[in-house]
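Listed below are the residues making up each chain.
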Amino acid sequence: MKTHFSLILCLLLALSAASCVTEDVERNTRAGNFDALWRTLDERYCFFVEKGEAYGLDWNEVYARYRPAVTEQMNAYQLFDVMGSMLAELRDGHVNLYAPHDVARYGAWFDDFPANFNDSLARRYLGRTDDYRTTAGMQYRVLDDHTGYLRVSTFEYPIGDGNLHEVMAYLGTCQRLIVDVRSNGGGLLTAAEKLASAFINEPLTGGYMCHKTGPAHTAFSQREPICIEPFVGLRWQKPVYVLTNRRTYSAANSFVMFLKGLPHVTVVGDRTGGGAGMPLHYELPNGWSVRFSACPMFDREGRLTEMGIDPDLHVDLSEADVARGIDTLIEAARHQP
């Protein structure tokens, strides 16, 4: 009797627990998927307060505006378009909706501005394949005026101590160094930290990060410092010029944040694209997934860099220079005193 009673009690508790869980799980319907997307961002996205202050974003108003467009008769492509348009209200390059047929993305953070980068020109400065060295996603060479040129197009690859030592050793005889992170869309924050470590001689607080602690838009942990230790090996001691444009984003934006303000560093080019929120992924009931900014980062002065970082020296790529095979930003850095 006691055994039967225990089994019945366990079944009742299991059913009760299951009913509590399913109340919070959206159904795999058009409306259910839309609501799951909106609620996931509502509870976990990290920049609602800042976006509200910057341009008046009201996430509840966004729901009220887009939700009536969702019907059970619409096809998957139509649902995707509505959901993608809703996400674009966040104006965040780290926010994407992934479906089998497309990826919803917001690109006005770079589409509306000059590119300030020409891949053909960058290849011209690097030279032929046997003119430059390459390691860990970086290409580097010594230009003819004893300027070191380090092209870092991505932080998708880990940078090891051996990689960094060889780069610093090869460029060590140069009088100045250009670190070109234009159109670097990011990658591993650890790679950005490793490269930054070659330009400091003392432990550096590169910035701060905090985490969501609850569903409220203001629920965050205390800011935790991002500590960068000096590279144990050859480090750069001379002037360094960091080239940026609007496509300098995410981990590359963080790299600029780490170095900007250091005595021997000058940031040259255009405002970076931002992307100061570490992203997370979440799966919707229909199998689509959404990526969104979840953990905000701040610079050493506590300023959010989600909207980008201004250069110390603003320089745009000149069409006349491009026609002559000259990169205006590289030349501006080469001719700094």
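Above this text you will find the structure in question.
S.K.: Could you clarify how one ought to interpret the overall build of the protein chain in this entry?
M.R.: Within the protein chain, the regular secondary structure consists of 12 helices and 13 strands. With respect to the three principal axes, the spread of C-alpha positions in the protein chain is 90 × 50 × 40 Å. Buried residues in the protein chain amount to 47% of all 337 residues. A separation of at least 24 residues holds for 73% of the contacts in the protein chain among residues at least 6 apart in sequence. Summed over its atoms, the accessible surface of the protein chain is roughly 16,500 Å², and 53% of this surface lies on carbon and sulfur atoms. Across the protein chain, the mean location of the 32 positive side-chain charges is 3 Å away from that of the 42 negative side-chain charges.

S.K.: What is the right way to read the nonpolar core from this model?
M.R.: Ranked by internal contacts, the top residues of the largest apolar core, which has 75 residues, are F155, V179, L195, F199 and F255. Counting residues per element, this core draws most heavily on helix α10 (residues 251–259), at seven residues.

S.K.: Explanation requested: the side chain of S293 in the structure shown.
M.R.: Within the secondary structure layout, S293 lies in strand β12 (residues 289–298). Residue classification places S293 among the buried residues on the basis of a relative accessible area of 0%. Engagement of the side chain of S293 in a polar contact is seen with the side chain of D92, the distance being 2.8 Å. When residues no more than four places from it in sequence are discounted, the contact partners of S293 are R44, Y45, C46, F47, D92, H94, V95, G277, M278 and P279.

S.K.: Mind showing me how you'd approach helix α5 (residues 76–88) here?
M.R.: Residues spaced three or four apart along an α-helix face the same direction, because each turn holds 3.6 residues. For α5, which comprises 13 residues, the first-to-last C-alpha distance of 18 Å matches the rise-based estimate of 18 Å (1.5 Å per residue) to within 8%. Within α5 the residues assigned to the buried category are L79, F80, V82, M83, G84, M86 and L87. On its buried face, α5 is in contact with α2 (30–44), α4 (59–66), β1 (96–99), β2 (102–104) and β12. Here α5 starts with a cap whose side-chain oxygen sits 3.0 Å from the backbone nitrogen of Y77, and that cap is N75.

S.K.: How should the packing of aromatic side chains be read in this particular structure?
M.R.: Any two aromatic rings considered together are summarised by their centre-to-centre distance and by the angle between their planes. Under the definition given, this model contains 11 aromatic pairs. Counting every residue linked through ring pairs, the aromatic cluster contains F34, W38, Y45, F47, F48, W59 and Y63. R91 extends its terminal NZ or CZ atom over the ring of Y55, reaching a point 3.7 Å from the ring centre.

S.K.: Where do I start with helix α7 (residues 119–126) in this structure?
M.R.: Among all positions in α7, only L121, A122, Y125 and L126 are buried. Burial along α7 is one-sided: seen end-on, the buried residues are contained in an arc of 140 degrees. If you follow the buried residues of α7, they end up packed against β4 (138–142), β5 (147–152), α11 (319–323) and α12 (328–334). Two or three places before S120, at the start of α7, stands the capping residue N118, its side-chain oxygen 2.9 Å from that residue's backbone nitrogen. Two residues or fewer after α7 comes G127, characterised by a positive phi angle close to 90 degrees.

S.K.: Looking at this model, I keep getting lost on the pairing of β5. Mind explaining?
M.R.: Note on strand geometry: in a regular strand, side chains alternate between the two faces of the sheet. Most of β5 is tucked away: six of the six residues are buried. Along β5, one buried face is formed by T147, Y149 and R151 and the opposite face, lined by G148, L150 and V152, is buried too. Strand direction decides the pairing type here: β4 and β5, joined by five bridges, are antiparallel. Across the sheet, residue Q139 finds its bridge partner in β5, namely R151. Connecting β4 to the next strand, β5, in antiparallel fashion are four residues, including H146 with a positive phi near 65 degrees. Across five bridges, β5 lies against strand β6 (residues 176–180) in parallel orientation. What sits directly across from T147, in β6, is R176. In the classification by handedness, the crossover that spans β5, the intervening helix α8 (residues 161–171) and the parallel β6 is right-handed.

S.K.: Sorry, what's going on with the pattern of salt bridges here?
M.R.: Inspection of every chain in the model, using the stated rule, returns 20 salt bridges. A salt bridge links R334 to D144, with the nearest nitrogen and oxygen atoms 2.9 Å apart. Of the two residues, R334 is situated in helix α12 and D144 in the loop between β4 and β5; the sequence distance between them amounts to 190 residues. What makes R334 buried here is its relative accessible area of 12%. For D144, a relative accessible area of 74% corresponds to the exposed category. In this structure, the salt-bridge partner of R334 is E331, at a minimum N-O distance of 3.1 Å. In this pair, R334 and E331 are both assigned in helix α12, three residues apart and thus about one turn of the helix distant. Across the pair, exposure class does not vary: R334 and E331 are buried alike.

Scoring rules and cut-offs
Residues numbered from 1 in each chain as written. Predicted model: local features only at pLDDT ≥ 70, side-chain atom pairs only at ≥ 80, totals over all residues. Heavy atoms only, no water. Helix = DSSP H or I, 4+ residues; strand = E, 2+ residues; numbered from the N terminus. Buried < 20%, exposed > 50% of the residue type's maximum accessible area, 1.4 Å probe, protein only. Contact = heavy atoms within 4.5 Å. Areas by Shrake-Rupley, 256 points an atom, 1.4 Å probe, with all protein chains shown as cover. Lys, Arg positive; Asp, Glu negative; His and termini not counted. Charge placed at Lys NZ, Arg CZ, Asp CG, Glu CD. Core = buried A, V, L, I, M, F, W, Y, C linked by side-chain atoms within 4.5 Å. Polar contact = N/O pair within 3.5 Å; in protein donor to acceptor, adjacent residues only side chain to side chain. Expected span 1.5 Å × (residues − 1). Phe/Tyr/Trp six-rings, centres within 6.5 Å; stacked < 30°, edge-to-face > 60°. Lys NZ or Arg CZ within 6 Å of the ring centre and 35° of its normal. Arc of directions from axis to C-beta. Pairing = 2+ DSSP bridges. Right-handed = clockwise from strand over helix to strand, strands pointing away. Salt bridge = Lys/Arg side-chain N within 4 Å of Asp/Glu carboxyl O.

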